[in-house]
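Geometric and topological summary
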Amino acid sequence: MKKIIPTLFAAALVMSLVSCKNTKQKLQEYVVTYNKSTAKSFHEENITLTTARGYLEEGKIELRFETNLKENESNKSAAVSSFPILLKKMIKENKIPQELIEEGVRFDTYFLADDNTVLAKEVINKEALPILLK
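Residues numbered from 1 in each chain as written. Predicted model: local features only at pLDDT ≥ 70, side-chain atom pairs only at ≥ 80, totals over all residues. Heavy atoms only, no water.

**Here's the deal with the nonpolar core**
- Among the nonpolar cores identified, the biggest contains 30 residues, and Ile-61, Phe-65, Ile-96 and Phe-107 are the most heavily contacted of them.
- Put simply, the parts of the chain that give this core at least two residues each are α2 (23-41), β1 (47-55), β2 (60-67), α3 (73-92), α4 (98-102), β3 (106-112), β4 (118-124) and α5 (128-132).
- Per-element accounting of this core gives the leading share, 6 residues, to α3. (Core = buried A, V, L, I, M, F, W, Y, C linked by side-chain atoms within 4.5 Å. Buried < 20%, exposed > 50% of the residue type's maximum accessible area, 1.4 Å probe, protein only. Helix = DSSP H or I, 4+ residues; strand = E, 2+ residues; numbered from the N terminus.)

**What to know about the environment of Leu-63**
- Inspection of the secondary structure assignment puts Leu-63 in strand β2.
- Its relative accessible area of 0% is what places Leu-63 among the buried residues.
- Through-space distance from the C-alpha of Leu-63 to that of Asp-108 is 6.2 Å; in sequence the pair is 45 residues apart.
- Residues contacting Leu-63, with those up to four places away along its chain left out, are Tyr-30, Tyr-34, Thr-51, Ala-52, Ile-96, Phe-107, Asp-108, Thr-109 and Tyr-110. (Contact = heavy atoms within 4.5 Å.)

**Describing the environment of Ile-124**
- With respect to the helices, strands and loops of the structure, Ile-124 is situated in strand β4.
- For the pair Ile-124 and Asp-108, spaced 16 residues apart in sequence, the C-alpha separation works out to 6.5 Å.
- Each residue touching Ile-124, except ones within four places of it in the same chain, is listed here: Leu-87, Ile-91, Ile-96, Ile-101, Val-105, Arg-106, Phe-107, Thr-109, Leu-129 and Leu-132.

What follows is the structure, given as structure tokens:
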């Protein structure tokens, strides 16, 4: 019993220290984790690659979704309607964490054609989040 109490105390202390990360640390961790795991296991129609880039001073994360689609009006129109649905799904699956958005991190997201031109762009922040989740 005497050994259990110090062990539990140490575990509680470690847990409290881990949960005391500031927003910039969480932003950095998210970018690293996204690029190591989510980006590699990401499977959506027409998307060939997805990457995250963090901007600590600006408090934002850029998510890029590269596709095999050609840049034309038909694909732009389809992307404008389907991209918000993909982002909503990612938020609900915590691939884009609401916690970071609520802490003030802005997500600039880009759906790109095969030549890296922008087919659709969405900015996700505190104000845009409720509209996106409707």
